[in-house]
Amino acid sequence: MGWLCCPDCHQPLSERSAQVCCSDCGQSWRVRHGIADFTDSARRAEDEEFGTYARALPELVRIARHDGWLEALEKVICPLPEVGPGMFSYVTDESKGDLIHVTNIGRGHKVLDLGCGLGAVSVAIAQRGADCHVVDVSHEQTIFTAIRCRQLGCAGVKAACAGDDMKLPLADGYLDAIVMNGVLEWLGCAERYRGSPEDSQLAMLREAHRVLRPGGELYVASKNLYSLLHFLGTAPDHGTRLPWIGILPPQLQRLLTVGRVPDSGARIYGLRAYRRLFRTAGFVEIAAYALMPEFRHPKRFIPLSAPAPVAFRGPDSSDIYNRRLERLLARLLPCEVLRRLVYCYGFLLEKK
Amino acid sequence: MSSVCQRIIDDFGSALGLSGLSRVPWYLIAGKAGPNAVLKIVIPPARLARGYVLTVARHASTPVIKHEVSVVNRLRQALPPHVSESVPKVLVHGQFDGLEYFGIPFYESRGNRRIARRLARKRRLAWVEQWLTELGAATRHCGLTQEWLEAEYAKTISRIQADPRVACDVKRQVQESFETICNSAEQIPSVCCHGDLWPGNILWQHASTGAVVLDWGAARWPGLPCVDLCRFALSNFGSNGPIGDAIRRYCRAIGLDPAYVPALYDLYNVFVKAELDVAYATQPLARWDPFLEDGDASPSHKLSCMLAPIK
């Protein structure tokens, strides 16, 4: 636990009878199954009351510990009616971890997988030989990731449960790199943070900036609000999550729906707005990538600066364009337009 | 600060003596599942006279790169010139920060579409049959050996026998196929087997140059005969006409009794599925179907043959 520090005053923590304590501000947090929990667990228990996925997580961890992580996914996640096989392929798809090749992550680097979920990216980071740290708001997901990494031969993954208040229990300048794969858009859903969804995203980016060393890298993958799919009626993970209306600014969405559809708190942006957000948080962009067909199952990482017409029209684009009109437009539109309409972006940012 | 991909490209460029390679556009193709997964860095021929494709190991422990380079180099030496043209030349084989890679020239994939419109699928099968016959003739060796079969398959087969997910009739079928091949090992010639010969791994060039066969990572030399032809025929959806004839012609050319083909294909198929561990857990095993013999090759029949659950 020596790598953890107080999320509020950033002083080192001491471990005492299943608790970690800050000697400076006097706060203490529980340690469960060897993992410190900095979240508001009582509030999260209320949130997760109705989610069958969240309810299944303790069983997932139990089976993973005894029978193996893959067996646990097959037995617990596959039969879930909500998520089912889609979640299984999402969690086991190793191609997500290939993002480390478009970053500078190497052996011995201290890397944080922020919002690790069930550990698809964490495994790739650990197998690359980096000193892998994982943080997630779900205690069970964090434990599962640590178990999965250990069973795949990557012992020594450091795990903590934190982030629902947009604070990280790490010292200033501690990390070499942070990966946020499909996390940024959901930060506004955290109820413990009092600010607006946009504020919560900015707060977490600033926190990431704090814990990175100068020259450290942040990789962010998120969805594009102005993607071809959203223009053609797919509901975006943004605001009210209504088709077409969801593309509009949240205030306008509230006006059009007369406030009847609640704001989910999820926020995604277009290319320019993402860049503005990262600049505000203090990052400098090294590269931006179009992730084809999407970041959950990426098959191509195409630098936006590269004139790669073939890559934008690859056969795997049909994985995401299901309707005839989508496929037709994806074939007819010029590449310069297509690169602005991709479903997902990945950004490689640097702390100067 | 440059990414891992960019630094591999720089390393490749310096090995080739190309100084301008660090500024060229590129993109990354992510790997698939399995312990032998590789990534591809594609440098299209935009500003350079020719483009390149770098195949990079996903992990430091991935052995497939060394294997593929070795097979390709041996093949290019062993095959007659007009056949070896279809095997891409390895320009650089190197290592960067523990990740092994090799680079080959970029082959224009738009030829694929153009030729697809022009050539009937039947003619594609004819080209593959002809090419495999020549490959088989050049790499043919008299008879498989019991020891080789044991070394290649016994471990995988015992894993399948112990796996509760695999249905009993499939286990029985696999065991029978293995015994059939083992009992007649001397009568079955060994050839170089590509191991993953589906249309996506063949880039159709202009008629004069034929085609280029990519992805030799799953290749075996010595390997099982005829399985590449079966694999191609099964995945070349919608091909017309009987393919049993093609198999018989191929068998005659390399001196193989066609009666062994179903058992050979079963063995190969099981091996491939078992190697891809994640896919093996979620996908059912395909089994040999008599359609290859009677020539009934309707697309739906073939798809059901490949994908229908066995359990």
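Residues numbered from 1 in each chain as written. Chains lettered and ligands numbered in written order. Predicted model: local features only at pLDDT ≥ 70, side-chain atom pairs only at ≥ 80, totals over all residues.

Caption draft 1: Region of the structure containing the packing of helix α2 (residues 52-67) of chain A against helix α6 (residues 139-151) of chain A. Residue and element names in this part refer to chain A. Relative orientation of the contacting elements α2 and α6 amounts to 20°, with a least axis distance of 9 Å. Comparing the axis directions of α2 and α6 gives the class roughly parallel. Note on packing geometry: the crossing formed by α2 with α6 is left-handed. On the side of α2, the interface is formed by Leu-57, Pro-58, Leu-60, Val-61, Ala-64 and Arg-65, while α6 contributes Glu-140, Gln-141, Ile-143, Phe-144, Ile-147 and Arg-148. Residues that form the contact of α2 with α6 fall into these classes: 8 nonpolar, 1 polar and 3 charged. (Axes fitted to C-alpha atoms, helices over the stretch in contact; angles between N-to-C directions. Helix = DSSP H or I, 4+ residues; strand = E, 2+ residues; numbered from the N terminus. Parallel < 35°, antiparallel > 145°, perpendicular 65-115°, else oblique. Left-handed = near helix turned anticlockwise from the far one by under 90°. Contact = placed C-beta atoms within 7 Å. Nonpolar A, V, L, I, M, F, W, Y, C, P; charged D, E, K, R; others polar.)

Caption draft 2: The arrangement of the packing of helix α7 (residues 197-211) of chain A against helix α10 (residues 271-280) of chain A in detail. All names here are of chain A. Relative orientation of the contacting elements α7 and α10 amounts to 50°, with a least axis distance of 9 Å. For the element pair α7 / α10, the angle class is oblique. Viewed along their axes, α7 and α10 form a crossing whose handedness is right-handed. On α10, the residues touching Gln-201, Leu-202 and Leu-205 of α7 are Leu-277, Phe-278 and Thr-280. Residue composition of the contact of α7 with α10, by class: 4 nonpolar, 2 polar and no charged.

Caption draft 3: Layout of the interface of chain B and chain A. In this assembly, 24 residues from chain B lie in contact with 29 residues from chain A. Counting residues per element, the ones that place at least two in the side of chain B that touches chain A are α1 (4-16), β1 (27-29) and α11 (277-282) of chain B. Per element, the largest residue contribution to the side of chain B that touches chain A is 3 residues, and it comes from β1(B). One ladder, built from 2 bridges, connects strand β11 (residues 300-303) of chain A with β1(B); its direction is antiparallel. Within β1(B), the position partnered with Phe301(A) by the bridge is Leu28(B). (Pairing = 2+ DSSP bridges.)

Caption draft 4: Spotlight on unusual backbone geometry. Across the junction of Met292(A) and Pro293(A), the peptide omega takes the value -10°, indicating a cis bond. Mapped onto the fold, Pro293(A) is located in the loop between β10 (283-292) and β11. Looking along the chain, the bond that leaves Trp221(B) and enters Pro222(B) is cis, with omega of 15°. Its location among the elements puts Pro222(B) in strand β9 (residues 220-223). Positive phi is not limited to glycine here, since His33(A) has a value of about 50°. The backbone phi angle of Met166(A) is positive, close to 60°, even though this residue is not glycine.

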